[in-house]
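Tertiary structure, described
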Amino acid sequence: MKSYELFDKNTRAFIYGNQQKAAQRMLDFDYLCKRETPSVAGFITPTGVGSIKLFWGTKEINIHRYLSVADAIEAHPDVDVMVNFASERSCAESTLEAVNSENIRTIVMIAEGVPQRDVRKIAKIAKEKGKWIIGPATVGGLKPGCFKIGNAAGTIQNIRDTKLYRPGSVGFISVSGGLSNEGYNIVSRNTDGIYEGYAVGGDVYPATTLIDHLLRYEQNPNIKMMVALGEVGGKDEYQIIKAIEEKKLTKPLVMWVTGTCAEMLPGGVQFGHAGAKADSKDDTAKAKNAALRKAGVVVPDSFEDYDQKIKETFDKLKAEGKIESFIEPETPNVPMDYAQAVAEGLVRKPTNFVSTICDETGEIHNYCGVPIDQVIKEGYGIGGVLGLLWFKKKLPQYAIDFIELVIQIVADHGPAVSGAHNTIVTARAGKNLIESIVSGILTIGPRFGGAVNGAANHFSWGLENKLSPREFINAMKKKNTNIQGIGHKIHSIDNPDERCEIMMNFAKDHFPKHPLL
Ligand SMILES: CC(C)(COP(=O)(O)OP(=O)(O)OC[C@H]1O[C@@H](n2cnc3c(N)ncnc32)[C@H](O)[C@@H]1OP(=O)(O)O)[C@@H](O)C(=O)NCCC(=O)NCCS
């Protein structure tokens, strides 16, 4: 790769931070450009290792996470780019580590608010080492057909529409990240497209400035014209003028400095970016546009005719035979994410399973058709909820009260029995809630707890066969089967369990019928 190039078709990068969406957008761009290898080699996430699953076209690929810049470099010595999504607190530190590494040549600092002092130090080291920093406070940029930084150029649809998957002849550079997207759009509509485009970022001291990139574009024979967007504040534009005067910049340049409206507003207006404020007359957009025009730059009268000036300059170069035509390649497709396709109503899929008890697909969960807010408002209570979930209906009040009564009287059931005992022992051994409860539940069997199941089976068999209690006992005896739940060591018919008494009395008082009591 030539020294004036930042990326090519084989460039691979680390993403610092857990920015999966940005990484997926980079991979989708690769796919659109028909790259052979994914441009994301790994994530650097100091909070953990492992891997992240992303799409490469229609296939899923695993991209590794590393704890540090050093670990990532050791695993992928071929990688020479780091897209740094670290917060403004840690962006400088991680960028410095990458700048000082052997392998990493280009670093993009996305965060806003990185201390200026740190950025100046990083920029100095990078210049000394012949490395490139883009940012801070930038969305990055892209080289069509080769590599895209993070979220630059927006959605994949936008990238398709602006033909950013194949190179044109224009080198674009702007201060603002947001305006760079607009710039790509304008350039794509009025020329044969972008060859390379970046936003240097809106800080007072970006690590590389407009002129640094314009000088790169000047050296690149594939770039036939340059388009730039400056901003009120700072004196970068005067460096461009100086370079033109010194014949270091000779290619046609169309440029507009935004912020001319600042003069209509009282006081020193600060626009969105930290650097977008004129501290002297020379820093104003009006002064800079006038000086650029004087130096021979194509400067429109306002942003309104920026596109026209770009078109005129491009058409002139074309007429002079300096830009050759090419056959437009077929517009490639990138598979759409299923979630997005569903959201846009483009696909449908039969359900994998259906629950007749609860539904959480709508705005609000519902239990058997009753929305949860209604469950609370109408005071269904625990008994009412169990009625909906287990019996799939609104139970009558006596049945709701009975369920709640049963829950209350067996709530302590009980530290003395083996299930609860095992739960307690497991919890004391340091296991978590789920493991402890499971350990207790797994103890349930025919001789403990499970007898309740067995008893229920036996008694309902008797009921279904219309047997009287005496006939039922005789039938079981004849079958030589012990009736489960009978024969408790403490309680008997003469010394009944008080809890059974409570349940029976409740049933006698409230149930519409109780033939077996
Ligand atoms: C840069 C940016 C992506 C950083 O995101 P962020 O949410 O601020 O930062 P992080 O995701 O790194 O998380 C913040 C902190 O929580 C920590 N953290 C995150 N997840 C964690 C977890 N699971 N456990 C422990 N710590 C965690 C991070 O290590 C980080 O610590 P640090 O600040 O000391 O480094 C975000 O601020 C941003 O998009 N900014 C706008 C940039 C911009 O507009 N640029 C110009 C475009 S034109």
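Just so it is clear, the structure is predicted and the values come from calculations on it, not from any experiment.

Of all six residues making up strand β11 (residues 194-199), six are buried, and the element is well covered by its neighbours. With two bridges joining them, strand β8 (residues 141-143) and β11 adopt antiparallel strand pairing. Following the sheet pairing, L142 is matched in β11 by G197. As paired strands, strand β10 (residues 170-174) and β11 are joined by five bridges and run parallel to one another. In the strand pairing of β11, I173 is matched with Y198.

Taken domain by domain, the protein chain consists of domain 1 (13-319) and domain 2 (379-510). Between the C-alpha centres of domain 1 and domain 2 the distance comes to 70 Å.

Their axes nearest at 7 Å, the elements helix α15 (residues 418-428) and helix α16 (residues 433-441) cross at an angle of 150 degrees. If you check the angle between α15 and α16, you find them roughly antiparallel. Taken as a pair, α15 and α16 cross one another with a handedness that is right-handed. Packed against α15, whose contacting residues are G419, N422, T423, T426 and A427, the element α16 presents E435, S436, I437, S439 and G440 at the interface. For the contact of α15 with α16, the residue count by class is two nonpolar, seven polar and one charged.

This part covers helix α8 (residues 236-245). Where α8 is concerned, the buried positions are E237, I240, I241, A243 and I244. All buried residues of α8 lie within an arc of 160 degrees about the axis, which places them on one face of the element. Packed against the buried residues of α8 are α7 (210-219), β12 (225-231), β13 (253-258) and α9 (285-294). Following α8 by one or two positions, K247 has its phi on the positive side, about 60 degrees.

Right, let's get into the side chain of N84. With respect to the helices and strands, the residue N84 is situated in strand β5 (residues 81-84). The exposure class of N84 is buried, given its relative accessible area of 0%. A polar side-chain atom of N84 sits 3.0 Å from a polar atom in the side chain of S94. Discounting chain neighbours no more than four positions away, the residues touching N84 are Y16, C91, S94, T95, I107, V108, M109, I110 and A111.

Counting through the fold element by element, I483 comes out in the loop between α18 (469-478) and α19 (498-510). Separated by 11 residues in the primary sequence, I483 and F472 have C-alpha atoms spaced 9.7 Å apart. With sequence-adjacent residues up to four places away left out, I483 is seen in contact with H458, F459, F472, I473 and M476.

Surveying the vicinity of the ligand reveals 14 residues, the closest of which are F85, S87, R89, S90 and I110. Within the contact set of the ligand, an oxygen atom lies 2.5 Å away from a side-chain nitrogen or oxygen of S87. I110 is positioned such that a nitrogen or oxygen atom in its backbone is 3.0 Å from a nitrogen atom of the ligand. Contact with the protein chains hides 46% of the accessible area of the ligand, taken as 960 Å² for the molecule alone. Tallied by class, residues from the shell around the ligand come to six nonpolar, six polar and two charged.

Glancing now at the packing of aromatic side chains. Scanning the entire structure with this criterion turns up 11 aromatic pairs. The interplanar angle of 70 degrees and the centroid separation of 5.5 Å between the aromatic rings of F172 and Y184 together place this pair among those described as edge-to-face. Highlighted residues: F172 in strand β10 and Y184 in helix α6 (residues 177-190), separated in sequence by 12 residues. Taking the centre distance of 5.9 Å and the plane angle of 35 degrees together, the rings of F402 and F506 count as tilted. One end of the pair, F402, is in helix α14 (residues 397-409); the other, F506, is in helix α19, and 104 residues separate them in sequence. Clustering of aromatic rings is evident, with ring pairs tying together Y398, F402, F506 and F511. Positioned over the ring face of Y205 is R120, at 4.0 Å from the centre of the ring.

This next bit is on the nonpolar core. One finds V83, V227, I240, M255 and Y306 to be the most contacted residues of the largest nonpolar core, which totals 75 residues. Ranked by residue count, the leading element in this core is helix α1 (residues 20-32), at six residues.

Rules used throughout
Residues numbered from 1 in each chain as written. Predicted model: local features only at pLDDT ≥ 70, side-chain atom pairs only at ≥ 80, totals over all residues. Heavy atoms only, no water. Buried < 20%, exposed > 50% of the residue type's maximum accessible area, 1.4 Å probe, protein only. Helix = DSSP H or I, 4+ residues; strand = E, 2+ residues; numbered from the N terminus. Pairing = 2+ DSSP bridges. Domains from an automatic or database assignment. Axes fitted to C-alpha atoms, helices over the stretch in contact; angles between N-to-C directions. Parallel < 35°, antiparallel > 145°, perpendicular 65-115°, else oblique. Left-handed = near helix turned anticlockwise from the far one by under 90°. Contact = heavy atoms within 4.5 Å. Nonpolar A, V, L, I, M, F, W, Y, C, P; charged D, E, K, R; others polar. Arc of directions from axis to C-beta. Polar contact = N/O pair within 3.5 Å; in protein donor to acceptor, adjacent residues only side chain to side chain. Near = heavy atom within 4 Å. Areas by Shrake-Rupley, 256 points an atom, 1.4 Å probe, with all protein chains shown as cover. Phe/Tyr/Trp six-rings, centres within 6.5 Å; stacked < 30°, edge-to-face > 60°. Lys NZ or Arg CZ within 6 Å of the ring centre and 35° of its normal. Core = buried A, V, L, I, M, F, W, Y, C linked by side-chain atoms within 4.5 Å.

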